[in-house]
Amino acid sequence: MAIQLSPSAHFGVLCDFFQGQRDMASRSIRVLHSLSFVDDPSRVMRAVRFSARYSYSIEKQTLKFLKDAVTDGHFLALSGARKYHEIKCISGESAEVACTALEQAHSLGLLKQMSEHLHWNEAMGRMLCATASLLSWCEPEPSPHPSGTSAPTVASSGRGKGAGPVWWSGPGTLADNTSPLPLDRAALLLFLLVHPLSEAAVLDVFESFMLPSSHARRCVGQIQLMRSLFALGHTVAADGRRVLRLSEVERMLREGEAAAETVGLVLAHPRASRSLKADVTRLVLMRHPVLSLSGHHLASAGIPKGPIMRVIKDAVLGAVVDGEVAHTTEAQMAHAALVFRAMSDEERARHMQPPAKAKLQQKKAKKKKRPAGRGRSACGGACA
């Protein structure tokens, strides 16, 4: 449809050659010709998405053309990048619209044509809907910009938008310090789709979408981290008390370099225990628990420099997260001295030297123990 805008007697006249007003009145989606989905197979996903967004039905003949195009494999002709673009477009819709679109895409066989490993079910739909409130919590209203436009927010710690989500990469997760969790909708939806899959299947899905293999390996690591959190979150003692401490959850997230999408899915996943969700929520609100304790403080307390300082600081950080030690420097120094005194001589010796230096010393020790005549000669073995 188009409106005549040229200054003439026909100004403002609506041109509707293909009965668009009739389709709007009947709330139906209809293509202009039978080869529409063959000419551009991405229209298949667009029809599904618009049907879900506007609550329109796909017209009977159009639905036949759509199914024929899918059956004939025309959708397979799309590149992986274009298929992933459709996933990103769906992630930009509301949770209810995205669920409806993905359910319809699954029933039409479109997800299987994106990758043979992808599927959709009611449980995934409930998880996606559960992330709706989480996304609204994590995406604050943009602050007014002096120019009258909205100021963009930066969803990372000084790395710029699009650099990828960061979990606790430094003191404070966000540069603008307004949102507790920098979630990316497309990454969250992709993670939701692949999280039940095996490692080989995840790698295959990323390859089919033409995404970097480094991202696929990162995703596999995040899935393993999430499953480890689920297992530990349900661990209880014989008397029913919780075994998992808040500091253990913090350490797993920190050492696993948990992405924001991993944390978001943990908060929405039915396998996560209530206590685990409560712990993760507390840590999200806590941001990055920063110690007021520094290496200079530890050195002044008589603790030698080296990896042992990192071990002691991690122990102090765990005590601070668990609420056993106050945030003051004096309390943290006192606890650090206590941890150092409690360490055995063997533990201190193991953490005194940097790993590279320790390996070098072990190599030298092996050379000294090697029997005479067994090694390479001075000429590099050419004389043997």
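Residues numbered from 1 in each chain as written. Predicted model: local features only at pLDDT ≥ 70, side-chain atom pairs only at ≥ 80, totals over all residues. Heavy atoms only, no water.

(A) Main features of the overall build of the protein chain. Check the secondary structure of the protein chain and you find 19 helices and 4 strands. Counting over 384 residues, the protein chain shows a buried share of 38%. In the protein chain, of all internal contacts separated by at least 6 residues, the share reaching a separation of at least 24 is 66%. (Helix = DSSP H or I, 4+ residues; strand = E, 2+ residues; numbered from the N terminus. Buried < 20%, exposed > 50% of the residue type's maximum accessible area, 1.4 Å probe, protein only. Contact = heavy atoms within 4.5 Å.)

(B) Up close: the packing of aromatic side chains. Counted according to the given criterion, the structure contains 3 aromatic pairs. Ring plane angle 45° and centroid distance 5.6 Å describe the contact between Tyr-84 and Phe-209, whose orientation is recorded as tilted. A residue pair is termed long-range when its members are at least 10 positions apart, and Tyr-84 in helix α5 (residues 80–91) and Phe-209 in the loop between α10 (199–208) and α11 (213–233) qualify at 125 residues. As far as the burial class goes, Tyr-84 and Phe-209 line up, both buried. (Phe/Tyr/Trp six-rings, centres within 6.5 Å; stacked < 30°, edge-to-face > 60°.)

(C) Representation of the nonpolar core in the model. In terms of nonpolar packing, the biggest core is built from 88 residues, with Leu-110, Trp-120, Val-194, Leu-276 and Ile-312 touching the most fellow members. Aside from chain neighbours lying at most four places away, what touches Trp-120 is Cys-99, Leu-102, Glu-103, His-106, Leu-111, Gly-125, Leu-128, Leu-192 and Leu-193. (Core = buried A, V, L, I, M, F, W, Y, C linked by side-chain atoms within 4.5 Å.)

(D) Representation of α10 in the model. Along α10, the residues classified as buried are Ala-201, Val-202, Val-205 and Phe-206. Down the axis of α10, the buried side of the element spans an arc of 135°, and every buried residue falls inside it. Those residues of α10 that are exposed and aimed more than 90 degrees away from the buried face are Ala-200 and Glu-207. (Arc of directions from axis to C-beta.)

(E) Looking closely at helix α3 (residues 43–54). Relative to the 16 Å expected for 12 residues at 1.5 Å per residue, α3 spans 16 Å between its end C-alpha atoms, a close match to the ideal helical length. Those residues of α3 not exposed but buried are Val-44, Met-45, Ala-47, Val-48, Arg-49, Ser-51 and Ala-52. Positioned one or two residues after α3, Ser-55 has a phi angle of 60°, which is positive. (Expected span 1.5 Å × (residues − 1).)

(F) Main features of the packing of helix α16 (residues 307–321) against helix α18 (residues 345–352). Direction vectors running N to C along α16 and α18 enclose 120°, while the axes themselves pass 7 Å from each other. Within the contact between the two elements, α16 uses Pro-307, Ile-308 and Val-311 and α18 uses Arg-348, His-351 and Met-352. (Axes fitted to C-alpha atoms, helices over the stretch in contact; angles between N-to-C directions.)

(G) Inspection of unusual backbone geometry at higher detail. A positive phi angle is found at Ser-55, which is not glycine, with a value near 60°. Here Ser-55 shows up in the loop between α3 and β4 (57–58). At Glu-257, a residue that is not glycine, the phi angle is positive and equals roughly 50°. Mapped onto the elements, Glu-257 comes out in the loop between α12 (246–255) and α13 (260–268).

(H) Fine view of the side chain of Asp-40. Mapped onto the elements, Asp-40 comes out in the loop between α2 (36–39) and α3. On the basis of relative accessibility, which here comes to 16%, the residue Asp-40 falls in the buried class. Reaching out from Asp-40, the side chain makes a polar contact with the side chain of Ser-42 at a distance of 2.6 Å. Apart from residues no more than four positions distant in its own chain, Asp-40 is found in contact with Arg-46 and Arg-82. (Polar contact = N/O pair within 3.5 Å; in protein donor to acceptor, adjacent residues only side chain to side chain.)

(I) Seen up close, the pattern of salt bridges. Counted according to the given criterion, the structure contains 16 salt bridges. The partner of Asp-40 in a salt bridge is Arg-43, with the nearest N and O atoms 4.0 Å apart. For the salt bridge of Arg-53 with Glu-93, the shortest nitrogen-to-oxygen distance reads 2.6 Å. Of this pair, Arg-53 sits in helix α3 while Glu-93 is found in the loop between α5 and α6 (95–107), placing the two residues 40 residues apart along the sequence. When its relative accessible area of 12% is taken as the criterion, Glu-93 is described as buried. Salt bridges linked by common partners bring Asp-40, Arg-43, Arg-46 and Arg-82 together as one network. (Salt bridge = Lys/Arg side-chain N within 4 Å of Asp/Glu carboxyl O.)

(J) Local environment of the environment of Ser-36. Assignment of secondary structure puts Ser-36 in helix α2. Setting aside residues no more than four positions away along its own chain, Ser-36 makes contact with Val-31 and Arg-43.

(K) Main features of the confidence of the model for the protein chain. Averaged over every residue, the pLDDT of the protein chain is 79; residues scoring 70 or more account for 75%. Segment residues 140–179: pLDDT under 50, and 61 contacts once partners within four positions in sequence are set aside and those in other chains are kept. Contacts for the low-pLDDT stretch residues 372–384, under 50 throughout, to residues beyond four places or in other chains number 3 contacts. (pLDDT = per-residue confidence, 0-100.)

(L) How the structure looks around a nonpolar patch on the surface. The grouping of Met-1, Ile-3, Leu-5, Phe-11, Leu-14 and Met-24 at the surface amounts to a nonpolar patch, some 670 Å² of accessible area in total. Inspection of the secondary structure assignment puts Leu-14 in strand β2 (residues 14–15). Taking relative accessible area as the criterion, Leu-14 reaches 38% and is therefore assigned partly exposed. (Patch = residues over 30% accessible without salt bridge, like charges linked within 9 Å, V, L, I, M, F, W, Y side chains within 5 Å. Areas by Shrake-Rupley, 256 points an atom, 1.4 Å probe, with all protein chains shown as cover.)

(M) Layout of the environment of Thr-100. Tracing the chain through its elements places Thr-100 in helix α6. Judged by relative accessible area, Thr-100 falls into the partly exposed class, the value being 41%. Among the polar contacts listed, one links the side chain of Thr-100 to the backbone oxygen of Glu-96, at a separation of 3.0 Å.

(N) Expanded view of the packing of α5 against helix α9 (residues 185–194). Relative to each other, α5 and α9 sit at 110°, their axes nearing to 8 Å. Between α5 and α9, the angle is such that the two are roughly perpendicular. Here α5 contributes Tyr-84, Ile-87, Lys-88, Ile-90 and Ser-91 to the contact with α9, which in turn contributes Arg-185, Ala-186, Leu-189, Leu-190 and Leu-193. Of the residues contributing to the contact of α5 with α9, the split by class is 7 nonpolar, 1 polar and 2 charged. (Parallel < 35°, antiparallel > 145°, perpendicular 65-115°, else oblique. Nonpolar A, V, L, I, M, F, W, Y, C, P; charged D, E, K, R; others polar.)

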